[in-house]
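If you want the building blocks of each chain, they are given just below.
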Amino acid sequence: MPMVIGVTAGLALAAIMVLFGLFKLMWRVAEPNEALVISGSKHRTEGLGQGMGFRIVTGHGTLVLPGVQAVRKMSLDLNETELSVDCVTHQGIPLRVRGVVIFKVGDDFVSIANAARRFLDQQKLMSERVHNVFAGHLRSIVGGLTVEDMIRDREKLTGQTRAACGTEMEKLGLIVDSLQIHEIEDPTGYIKNLAMPHAAAVQRDARIAQAEANRLATEAEQQAAARMSEATRDSEILQAGYQAERDKAAASSRQAGPLADAAARQEVVVQETRVAELEAQRREQQLQADVRKPADAQAYEKRTLAEGERDARISAAEAQARETELAAVAEANRVKTAALAEAEATKARGAASATATRATGEAEAAADRAKGLALAEAARAKGLAEAEAIKARAAALAENQEAVVAQQLAEKWPEIVQAGAGAFGSVDHMVLLNGADGMSDMFAKALTMGGTGLGLARQLLATMGQSGPAEPAPQVNGVAPATGPSPQKQRIPVTGDQEDGSPS
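The following paragraphs examine the structure supplied in this document.

The rules behind the values
- Residues numbered from 1 in each chain as written.
- Predicted model: local features only at pLDDT ≥ 70, side-chain atom pairs only at ≥ 80, totals over all residues.
- Heavy atoms only, no water.
- Helix = DSSP H or I, 4+ residues; strand = E, 2+ residues; numbered from the N terminus.
- Expected span 1.5 Å × (residues − 1).
- Buried < 20%, exposed > 50% of the residue type's maximum accessible area, 1.4 Å probe, protein only.
- Pairing = 2+ DSSP bridges.
- Polar contact = N/O pair within 3.5 Å; in protein donor to acceptor, adjacent residues only side chain to side chain.
- Axes fitted to C-alpha atoms, helices over the stretch in contact; angles between N-to-C directions.
- Contact = heavy atoms within 4.5 Å.
- Core = buried A, V, L, I, M, F, W, Y, C linked by side-chain atoms within 4.5 Å.
- Salt bridge = Lys/Arg side-chain N within 4 Å of Asp/Glu carboxyl O.

## Describing helix H3 (residues 126-143)
Phase 1 of the analysis: Taking 1.5 Å of rise per residue, 18 residues should cover 26 Å, and H3 covers 26 Å from first to last C-alpha, within 8% of that figure.
Phase 2 of the analysis: The complete set of buried residues in H3 reads Met 126, Val 130, Val 133, Phe 134, Ala 135, His 137, Leu 138, Ile 141 and Val 142.

Structure below.
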């Protein structure tokens, strides 16, 4: 019997567990932000047409037959999509409108049913679909507006867009919680140029206002500075007056004590002076009796004697002074006379020196002039003499060339002989054959070279005689240079043996 009871209880508990598991498997609860879409049987839902084919549950639980009915969830959360639409205004100006759309599935069963039919398996594509809807309507609305309308009344653009998209969003089962136009981009710069006049006017007004404010501030600062300077001046004047009064009071207070002391000392001095005067009177009377009368007698005696001696000394001094004065006058006259004589002598010596100097200068000038004339005459005479000599030489050459050439050769014979001997200057040692005959032959050849020079001189003189007298050549140290060609250095053949003894 207990076993039966146990088995019965176990079966009952198992049945309860099975029933609880089946209930949990069949029971579905919709979260606050979702809706359950149950399909698989015909249901009638309020607000929906009959025969819809699925049931919508929101906010509570429901039983679902596994294997017979299918349960799917539809999110009721907010969704967001960014708008970036390229538009063209009524004026033909391209713009880019940026905004955001915040939307969700409607809370009513109709909106949930419409959204479920369209997005139940494609809820992630919901934002893209909404973006396409708003982009199309936004382009259409912007095409009918101007840039000025969009800038001045952006709320109008937002309202028209929401109104245009409302019907389509309702068909999709969606509602728009918010539509915001964040930015209107202008790639052509139309909006910027449109704002430039106003910005310039505002900037102008701002600069004018700033300048006016600066002017007023400067005036106020200047007035404040002037008032500060005036107040400072008045304060300093008052302080100076107060300081003067304080100094005067301090000086008076400092002098009060010394004045009182001085007054007391003055009274003491007065009393002491009176005492001294009385004492002096007493002493004077005593001196009158004891000293003055005898002293007066002695003084009179001495004065009388001194006056006599003084008169004698004065007489002697006057006599000495007179004598000295006469001697000084005499010495002064002597010095004056000597000075006048010396001045006259100095004057005479200066005049004589000046005369002598002038005479010396004139003599030196005359001597220099005479010397210059003499040198000029000498030069002239020398030039004339040289000209006469050249003329005489030319005449002599014209008359007797042989004699002139011979004279020239005779004058230059030492040089000719020296030039001929120059050929042997580089010979250190020379051996001559044939003895005196070889020496004779060598000197004969040297003289032959001199004769050749003589012939050349004759030819040159003959040529000069035919062409007329030539301009005299300049002389060097009184000797005219040779007019013929310069004799070339010749080797004098030596018919003797060389230094090594071999025949030449």
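## With respect to the pairing of strand S3 (residues 54-57)
Phase 1 of the analysis: On S3, burial covers both faces: Phe 54 and Ile 56 on one face and Arg 55 and Val 57 on the other are all buried.
Phase 2 of the analysis: The pairing of strand S2 (residues 34-39) with S3 spans four bridges and is classified as antiparallel. Residue pairing across strands places Ile 38 opposite Arg 55, the latter belonging to S3.

## What to know about the environment of Ser 253
Phase 1 of the analysis: With respect to the helices, strands and loops of the structure, Ser 253 is situated in helix H6 (residues 190-399).
Phase 2 of the analysis: A relative accessible area of 49% means that Ser 253 is categorised as partly exposed.
Phase 3 of the analysis: Among the polar contacts listed, one links the side chain of Ser 253 to the backbone oxygen of Ala 250, at a separation of 2.6 Å.

## Remarks on the sheet that holds strand S8 (residues 174-185)
Picture the strands of a sheet paired through backbone hydrogen bonds; they go either parallel or antiparallel.
Phase 1 of the analysis: As summarised here, the arrangement of the three strands in space is S6-S7-S8, forming an open sheet in which the pairing is antiparallel. Unpaired on one side and paired on the other, strand S6 (79-88) and S8 mark the two borders of the sheet. Adjacent strand axes in the sheet meet at a mean angle of 25°, parallel and antiparallel pairs treated alike.
Phase 2 of the analysis: Examined bridge by bridge, strand S7 (residues 94-105) and S8 share ten bridges and lie antiparallel to one another. Of the residues in S8, the one forming a bridge with Phe 103 is Val 176.
Phase 3 of the analysis: Running at roughly 145° to S8, helix H5 (residues 154-171) makes contact with S7 and S8 of the sheet.

## Some details on H5
Phase 1 of the analysis: Helix length check: H5, at 18 residues, gives a terminal C-alpha distance of 27 Å against a target of 26 Å (1.5 Å per residue), a fit within 8%.
Phase 2 of the analysis: Listed in full, the buried residues belonging to H5 are Leu 157, Thr 158, Thr 161, Cys 165 and Met 169.
Phase 3 of the analysis: Packed against the buried residues of H5 are S7, H3, helix H4 (147-152) and S8.

## Considering the side chain of Lys 104
Phase 1 of the analysis: Note on placement: Lys 104 falls in strand S7.
Phase 2 of the analysis: Engagement of the side chain of Lys 104 in a polar contact is seen with the side chain of Asp 107, the distance being 2.8 Å.
Phase 3 of the analysis: With sequence-adjacent residues up to four places away left out, Lys 104 is seen in contact with Leu 76, Asp 77, Leu 78, Asn 79, Gly 173, Leu 174, Ile 175 and Asp 177.

## Description of the nonpolar core
Phase 1 of the analysis: Judged by nonpolar contacts, the single largest core of 26 residues is most densely connected at Met 74, Val 101, Val 105, Phe 134, Met 169 and Leu 174.
Phase 2 of the analysis: Those elements that provide at least two residues to this core are S2, S3, S7, helix H2 (109-119), H3, H5 and S8.
Phase 3 of the analysis: In this structure, Ile 93, Leu 95, Ala 135 and Ile 141 belong to the second largest nonpolar core, which totals 15 residues.

## Focus on the pattern of salt bridges
Phase 1 of the analysis: Within this structure, the stated rule accounts for 16 salt bridges.
Phase 2 of the analysis: For Arg 282, the salt bridge goes to Glu 279, with nearest N and O atoms at 2.3 Å. Placement of the pair is Arg 282 and Glu 279 together in helix H6, with a separation of three residues, close to one helical turn.
Phase 3 of the analysis: Using a relative accessible area of 48% as the deciding quantity, one classes Arg 282 as partly exposed.
Phase 4 of the analysis: Classification of Glu 279 by relative accessible area gives partly exposed; the value is 29%.
Phase 5 of the analysis: With a shortest N-O distance of 3.4 Å, Glu 279 and Arg 283 are connected by a salt bridge.

## Overview of the side chain of Thr 89
Phase 1 of the analysis: By the secondary structure assignment, Thr 89 is in the loop between S6 and S7.
Phase 2 of the analysis: With relative accessibility at 5%, the residue Thr 89 sits in the buried group.
Phase 3 of the analysis: Not counting residues up to four positions away in its chain, the partners in contact with Thr 89 are Leu 95, Val 142, Gly 143, Leu 145, Val 147 and Met 150.

These results come straight from atomic positions and should not be treated as a statement about function.
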